[in-house]
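In case you want the letters, here they are:
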Amino acid sequence: MSTFEGSGADPEPLLPASRDRVDILIVDDTAAQRMAIESVLAELGENIVAVDSGREALRFLLDHDVAVILLDVNMPEMDGFETAAMVRQRPRTRNVPIIFLTADTDELHAARGYSLGAVDYLFSPFLPDILRTKVRVFVELARMHAQARRHAEERVALAAEQAARAAAEANNLRLGVLAEATRVLTRPLESASIAGDLLRAVLPYVADLAGVIPASAARTSEAEGVWLRVDAEGRLGSPPAGIQGHREILDAALRVIVSHKLETLTAKDGSGTWAIVAPLPARGTTLGAMACAMLESNRRYTTADIDLVRDLASRTAIALDNRSLYREIEERDRRKDEFLAMLAHELRNPLAAISNAVTVLEKLGAQDDDTARIRMIIGRQTHHLARLVDDLLDVARVTTGRIVVERQPVALGDVTRRALQAFEAAGKTAQHEIVLKTDSVWVIGDASRLEQVVANLLDNALRYTARGGRIIVSVHRDGVEAVLRVSDTGRGIPAALLPQIFDLFVRGGGGGHARADGLGLGLTLVRRLVELHGGSVEATSAGEGLGSELVVRLPGSAAPVTPTNLPAPSAFRPTRILIVEDNDDARESLRLLLQLDGHEVMAAGSGEDGLDHAQSREFAIALVDLGLPGIDGFEVARRLRAMAHGAEVRLVAISGYGQPLDRKRAKAAGFDAHLVKPVDTEHLRTVLAQFTPA
């Protein structure tokens, strides 16, 4: 257990309070993660206590009070959920706020965390400012509770019993209001109405009429916002138009939004303050104003009430700002996903044209050594670009939990052999000694995703192993586990880099190397895909220059009785095919490729032309691009199916869009298959063989 005291500037408290430091407890079994969180929270200026297990955390809580607990979910022996349950069982720690931290995006885990009383559930990696803001709320709340307890004790000691009891009751009421308001404000950021829920929580204790007015009201003739009123019979509802004093409060709210300073409204009869309007400060600006007024009850506000309203306004501002940041992040994620999907589509179109053209050149072009070498270079680099596009999109999807794994019995040795053969065919292994050792080992998983895992591990080993180096790939069973090992004699991995080697954008390149190779995506994708299959991956290295070994462990499975066999290429038969593709190069190269295979091909550059061709002639198979201008591929498929002979046509979508939603939409539109550009030539031939009528 270690203690770290931050040296950053203290944030301005929400209410005047003692600057005695409070304890923030971090529970995480990973030293690097603990250090990262400590560094983020250092500028709060509080006592940061870091422990590496749930047992150490419970031991510390026996004798210490903490403002908030940052709790890792995945820990050995006692995980975060068990630790939280134990904390909640003890009266002393029952109400301590707990924020779960995890890299697991499983919604069931999040639901379990909230069922244990968690106030928040953050997914790693998280934004430092958001974490500091959330923790600061509970730090100030803990400090306020401590201050309130001290004040209550002083009043009891100095005042008469009746006066002390009245002060304590009033203070408890304010603390109850504050606690209820804090409960509302610490709800998940997706909550639709923070302002409305807060007003319902504090009325009628703080006011008869209350409202939250946005900063945009200062730019309009009338102040809009969320308002609630308690009528003479104690019922909550919206205030009627023209209510007494409402206009005066609105005018004060507009002034507060501009001046950023709290205002109080005093009764003309000198009886005291009947309304308080406080600004909503957040990150150097004002989000609006909070107004509280006593109308029906004729009660008056004290100095403590003014402090309470100021505090409620500050906490409301933090909650509103957090929700704004959350929505901004959501919007950025949505735009990022749209951009990545469009980027993939735009990149895959030219890649498809190049790939098809290279295949055509292999049949038509000269066969001398130089020409064959140039074609090999073009094909290899095209394949490399396609892999980069796939890795970029897959990492974006898998880190947000949107990747789909189709499970079936898979021979891990066959998957490994296919991945290695693809590298050999591309000429990437010619300068290395490759040793393959495989046993008959089966797993339940997605063959294409597992092949992606093997390919990324091989690519990593080849990248960091010099020419002439040795790479050993082995598949064997270890008890109930299937084990894949990829070891090399390359650069090795520095000890300081080993804990982060699977993190996003972390790249290798040991000492003496001018740059780090790759984009830092491959091993991140490996770990995520392996975890989706219920397995684990680890990296070991004796040090720089001494090679490395990456080991994947997956749950083993029994071999299936009858493995599925795809049609052999020799079963291909010529047929009549319609191509609908708006990219001229991709359309022409695919047409030439299919004609060289003996098919009768008709090509169209738009959905309208494709439908005209289908009306005049019958086709056995139609290859349709989804991203067509005008009538898109989905509509083309629906109209083709509606034609007289449309039921017999086999429809194949060929598109740069390959996300699960695109595949579902294609199936719903009537497509029989969905292929992602650039399409592997042999895979395309296999699909055509399956769909070609006898």
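K.L.:
What is the right way to read the sheet that holds strand E22 (residues 621-624) from this model?
P.N.:
Two strands in a sheet stick together by hydrogen bonds in their backbones, pointing the same way (parallel) or opposite ways (antiparallel). Spatial ordering of the open sheet is given by E21-E20-E22-E23-E24, a layout of five strands whose pairing is parallel. Of all strands in the sheet, those bounded by a partner on one side alone are strand E21 (600-604) and strand E24 (673-676). Recorded for the sheet is a direction-independent mean angle of 20° between the axes of neighbouring strands. Where strand E23 (residues 650-655) meets E24, four bridges bridge the pair, whose relative direction is parallel. Bridge pairing links Ala 653 to His 674 in E24.

K.L.:
Looking at this model, I keep getting lost on the side chain of Asp 208. Mind explaining?
P.N.:
Summarising the element assignment, Asp 208 is placed in the loop between helix H7 (194-202) and strand E7 (209-214). The class of Asp 208 is buried, set by a relative accessible area of 5%. Not counting residues within four places of it along the chain, the set of residues in contact with Asp 208 comprises Leu 203, Leu 228, Arg 229, Val 230, Ala 293, Met 294, Leu 295, Glu 296, Ser 297, Asn 298 and Arg 299.

K.L.:
What's the story with the packing of aromatic side chains in this structure? I'm lost.
P.N.:
Each aromatic ring pair is characterised by the separation of its centres together with the angle its planes make. One pass over the full model with this rule turns up two aromatic pairs. Ring centres of Phe 100 and Tyr 121 lie 5.8 Å apart, and the angle between their planes is 45°; this geometry places the pair in the tilted category. Placement of the pair is Phe 100 in strand E5 (residues 98-102) and Tyr 121 in strand E6 (residues 120-123), with a sequence separation of 21 residues. Through successive ring pairs, a cluster of aromatic residues spans Phe 81, Phe 100 and Tyr 121. One Lys or Arg, Arg 665, reaches over the ring of Phe 634 and ends 4.0 Å from the middle of that ring.

K.L.:
Help me understand helix H13 (residues 522-532), please; the structure alone is not making it clear to me.
P.N.:
A turn of α-helix holds 3.6 residues, and therefore any two residues three or four places apart point the same way. Those residues of H13 lying buried are Leu 523, Thr 524, Leu 525, Val 526, Arg 528, Leu 529 and Val 530. Two residues or fewer after H13 comes Gly 534, characterised by a positive phi angle close to 80°.

K.L.:
How do you make sense of unusual backbone geometry when you look at a structure like this?
P.N.:
Excluding glycine, residues mostly carry a negative phi; peptide bonds, for their part, are mostly trans. The phi angle at Glu 77 is positive, at roughly 65°, despite the residue not being glycine. Structurally, Glu 77 is set in the loop between strand E4 (68-72) and helix H3 (80-89). The phi torsion at His 260 lies on the positive side, around 65°, for a residue other than glycine. Residue placement: His 260 occurs in the loop between helix H8 (246-259) and strand E10 (263-266). Judged by its relative accessible area of 48%, His 260 falls in the partly exposed class.

K.L.:
Mind showing me how you'd approach the packing of helix H12 (residues 447-463) against H13 here?
P.N.:
It is at 9 Å that the axes of H12 and H13 come closest, and there the two elements cross at 145°. For the pair H12 and H13, the sense of crossing is left-handed. Contacts between H12 and H13 involve Arg 449, Gln 452, Val 453, Asn 456, Leu 457 and Asn 460 on the former and, on the latter, Gly 522, Leu 523, Leu 525, Val 526, Leu 529 and Val 530. In the contact of H12 with H13, the residues fall into seven nonpolar, four polar and one charged.

K.L.:
Got a minute to help me understand the packing of helix H15 (residues 607-616) against helix H16 (residues 633-642) in this structure?
P.N.:
When two helices pack together, their arrangement is given by the angle between the helix axes and the distance between those axes. Orientation of H15 relative to H16, taken along the N-to-C sense of each, is 15°, at an axis distance of 10 Å. Viewed along their axes, H15 and H16 adopt a mutual orientation that is roughly parallel. Where H15 crosses over H16, the two elements pack in a sense that is right-handed. Across the interface between the two elements, Gly 607, Leu 611 and Ala 614 of H15 pack against Val 636, Arg 639 and Leu 640 of H16. Looking at side-chain class alone, the contact of H15 with H16 contains four nonpolar, one polar and one charged residues.

K.L.:
What is the right way to read the sheet that holds strand E8 (residues 226-230) from this model?
P.N.:
Strand order in the open sheet formed by six strands is E9-E8-E7-E12-E11-E10, with antiparallel pairing between adjacent strands. The sheet terminates laterally at strand E9 (236-237) and E10, the two strands that pair on one side only. Of the strand pairs in this sheet, E7 and E8 are connected by four bridges, and their pairing is antiparallel. Bridging from a neighbouring strand, Gly 211 pairs with Trp 227 of E8. In this fold H8 packs onto E7, E8, E10, strand E11 (273-282) and strand E12 (285-293), with an angle of close to 30° to the strand it touches most, E11.

K.L.:
Looking at this structure, how should I read the pairing of strand E20 (residues 576-580)?
P.N.:
Successive residues of a regular strand alternate their side chains across the two faces of the sheet. Among the five residues that make up E20, four are buried, leaving the element largely enclosed by the rest of the structure. Relative to E21, E20 runs parallel, the two sharing five bridges. Its bridge partner being in E21, Ile 579 is matched across the sheet by Ala 603. A crossover connection joins E20 to the parallel E21 through helix H14 (residues 584-596); in handedness this β-α-β unit is right-handed. In terms of strand pairing, E20 meets E22 through four bridges, oriented parallel. For Val 580, the partnering residue across the bridge sits in E22 and is Val 624.

K.L.:
Would you mind going over the pattern of salt bridges with me for this structure?
P.N.:
Where charged atoms of side chains with opposite charge meet at close range, the side chains can pair. Tallied over the full model, the rule gives 34 salt bridges. With a shortest N-O distance of 3.5 Å, Arg 576 and Glu 600 are connected by a salt bridge. One end of the pair, Arg 576, is in strand E20; the other, Glu 600, is in strand E21, with 24 residues separating them in the sequence.

K.L.:
Would you mind showing me how to read the confidence of the model for the chain here?
P.N.:
Do not read the fine detail of predicted coordinates wherever pLDDT is low. Overall, the predicted model of the chain reaches an average pLDDT of 79, with 77% of residues at or above 70. Low pLDDT, under 50, characterises residues 1-18; the stretch is placed with 52 contacts to residues that sit more than four places away or in other chains. A low-confidence stretch, residues 510-516 (pLDDT under 50), is modelled with nine contacts involving residues beyond four sequence positions or located in other chains.

K.L.:
Explain the environment of Ile 213 here, please?
P.N.:
Note on placement: Ile 213 falls in strand E7. The spacing of Ile 213 and Ala 195 is 18 residues in sequence and 9.3 Å in space, taken between C-alpha atoms.

K.L.:
Help me understand the nonpolar core in this model?
P.N.:
As a rule of thumb, nonpolar side chains are buried together in soluble globular proteins. Judged by nonpolar contacts, the single largest core of 37 residues is most densely connected at Leu 457, Leu 484 and Val 552. Put simply, the parts of the chain that give this core at least two residues each are helix H11 (412-425), H12, strand E16 (470-478), strand E17 (481-488), H13, strand E18 (536-540) and strand E19 (548-557). With nine residues, H12 is the single largest residue contributor to this core. Counting residues in each nonpolar core, the second largest holds 26 residues, with Ala 195, Leu 199, Leu 228 and Met 294 among its members.

Parameters and conventions
- Residues numbered from 1 in each chain as written.
- Predicted model: local features only at pLDDT ≥ 70, side-chain atom pairs only at ≥ 80, totals over all residues.
- Heavy atoms only, no water.
- Pairing = 2+ DSSP bridges.
- Helix = DSSP H or I, 4+ residues; strand = E, 2+ residues; numbered from the N terminus.
- Axes fitted to C-alpha atoms, helices over the stretch in contact; angles between N-to-C directions.
- Buried < 20%, exposed > 50% of the residue type's maximum accessible area, 1.4 Å probe, protein only.
- Contact = heavy atoms within 4.5 Å.
- Phe/Tyr/Trp six-rings, centres within 6.5 Å; stacked < 30°, edge-to-face > 60°.
- Lys NZ or Arg CZ within 6 Å of the ring centre and 35° of its normal.
- Left-handed = near helix turned anticlockwise from the far one by under 90°.
- Nonpolar A, V, L, I, M, F, W, Y, C, P; charged D, E, K, R; others polar.
- Parallel < 35°, antiparallel > 145°, perpendicular 65-115°, else oblique.
- Right-handed = clockwise from strand over helix to strand, strands pointing away.
- Salt bridge = Lys/Arg side-chain N within 4 Å of Asp/Glu carboxyl O.
- pLDDT = per-residue confidence, 0-100.
- Core = buried A, V, L, I, M, F, W, Y, C linked by side-chain atoms within 4.5 Å.

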